[in-house]
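The residues making up each chain are set out below.
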Amino acid sequence: PTPLPICVTGDPVLYQIAAPVTEFDARLEALAHSAMVTMDAAKGVGIAAPQIGVSLRFFIVASRANERYPDAPNMAPVVMVNPCILAASNELVAGEEGCLSVPGKRLSILRHQWLDVSWQSLDGETHHARLEGFVARIFQHELDHLDGITLLERIE
Ligand SMILES: O=C(NO)N[C@@H](Cc1ccccc1)C(=O)O
Ligand SMILES: [Zn+2]
């Protein structure tokens, strides 16, 4: 499909708590695909459903080196449904973040250095992983979106 408009600061959907996904159906797949196409068009390394106006608990983590994040590690994009943090490092690390919903801003944000996380894939299967560094950062940034938190609410 064609990229969708990305909701920006002030749009109420960005400040809601997104609802858990219960139906792993064709509609969910279509929404995930729209999010992927929209993220790609914006050269994003992640995107959360609320950013395309969908208040559901899923996001995409897709770290890749591009002109916006030249040092980003490369990984295959992962659609994470009903994501959870199971454990997190005490160590926090500051790093630059941008947000497709907060155009033109780059802010230094403190995040956990590593995370143990779980999520469901589009077929409903549960997965676990330990994430660290920039990928852990993207996960935390996207999870914030599912809880109605954007970069601007994270400024120290
Ligand atoms: O706005 C989003 N996702 O919500 N996209 C951000 C994701 C991100 C997260 C953390 C650090 C850098 C970048 C982007 O610039 O591609
Ligand atoms: Zn964002």
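Residues numbered from 1 in each chain as written. Chains lettered and ligands numbered in written order. Predicted model: local features only at pLDDT ≥ 70, side-chain atom pairs only at ≥ 80, totals over all residues. Heavy atoms only, no water.

(A) How the structure looks around the environment of Asn74. The residue Asn74 is located in the loop between strand E2 (58-61) and strand E3 (78-88) in this model. Using a relative accessible area of 63% as the deciding quantity, one classes Asn74 as exposed. For the pair Asn74 and Ser63, spaced eleven residues apart in sequence, the C-alpha to C-alpha distance is 5.5 Å. When near neighbours in sequence (up to four residues on either side) are disregarded, Asn74 contacts Ser63, Arg64 and Ala65. (Helix = DSSP H or I, 4+ residues; strand = E, 2+ residues; numbered from the N terminus. Buried < 20%, exposed > 50% of the residue type's maximum accessible area, 1.4 Å probe, protein only. Contact = heavy atoms within 4.5 Å.)

(B) Here's a closer look at helix H2 (residues 133-146). Between its first and last C-alpha atoms H2 spans 21 Å; for 14 residues at 1.5 Å apiece the expected length is 20 Å, and the two agree. Here H2 lies mainly inside the structure; twelve of its 14 residues are buried. Those residues of H2 that sit buried are Val135, Ala136, Arg137, Ile138, Phe139, Gln140, His141, Glu142, Leu143, Asp144, His145 and Leu146. Downstream of H2 by a residue or two, Gly148 has a phi angle that is positive, lying close to 75 degrees. (Expected span 1.5 Å × (residues − 1).)

(C) Quick look at the coordination of the zinc ion (ligand 2). Every protein donor of the zinc ion (ligand 2) is listed here as Cys99 (SG), His141 (NE2) and His145 (NE2), and their distances to the metal cover 2.1 to 2.4 Å. Within one chain, the residues donating to the zinc ion (ligand 2) are spaced in sequence as C-x41-H-x3-H. Of this pair, His141 and His145 both sit in helix H2, separated by four residues, roughly a single helical turn. Its relative accessible area of 8% is what places His141 among the buried residues. (Donors = N, O, S within 2.8 Å, 3.2 Å for Na, K, Ca; no water.)

(D) Seen up close, the state of the cysteines. All chains considered together, the criterion is met by zero disulfides. Sulfur of Cys7: no disulfide; nearest cysteine sulfur belongs to Cys99 and is 11 Å away. In this structure Cys7 comes out as buried when scored by relative accessible area, which is 12%. (Disulfide = S-S within 2.5 Å.)

(E) Representation of the packing of aromatic side chains. Following the criterion strictly, the structure yields two aromatic pairs and no others. Considering the side-chain rings of Phe59 and Phe139, the 5.2 Å spacing of their centres and the 90 degrees angle between planes classify their relative orientation as edge-to-face. Here Phe59 is found in strand E2, whereas its partner Phe139 is found in helix H2, with 80 residues between them in sequence. A ring pair is formed by Tyr69 and Phe134, whose centres lie 5.6 Å apart and whose planes are at 45 degrees; its orientation type is tilted. In this pair, Tyr69 sits in the loop between E2 and E3 while Phe134 sits in helix H2, placing the two residues 65 residues apart along the sequence. Classification of Tyr69 by relative accessible area gives buried; the value is 9%. A relative accessible area of 22% places Phe134 in the partly exposed class. A cation over an aromatic ring shows up here: Arg130 above the ring of Trp114, its NZ or CZ 3.7 Å from the ring centre. (Phe/Tyr/Trp six-rings, centres within 6.5 Å; stacked < 30°, edge-to-face > 60°. Lys NZ or Arg CZ within 6 Å of the ring centre and 35° of its normal.)

(F) Main features of the pattern of salt bridges. The final tally for this structure, using the stated rule, is seven salt bridges. With a shortest N-O distance of 2.8 Å, Arg57 and Asp147 are connected by a salt bridge. Linking Arg57 in the loop between strand E1 (46-48) and E2 with Asp147 in the segment after H2, this pair joins segments that are 90 residues apart in sequence. Notably, a salt bridge pairs Arg130 with Asp116, separated by 2.9 Å at the nearest N-O pair. Pair noted here: Arg130 is in strand E7 (residues 126-132) and Asp116 is in strand E6 (residues 114-120), with a separation of 14 residues, a long-range link. Look at Arg130 and you get partly exposed, because its relative accessible area is 46%. Relative accessible area serves as the criterion here: at 22%, Asp116 is assigned to the partly exposed category. (Salt bridge = Lys/Arg side-chain N within 4 Å of Asp/Glu carboxyl O.)

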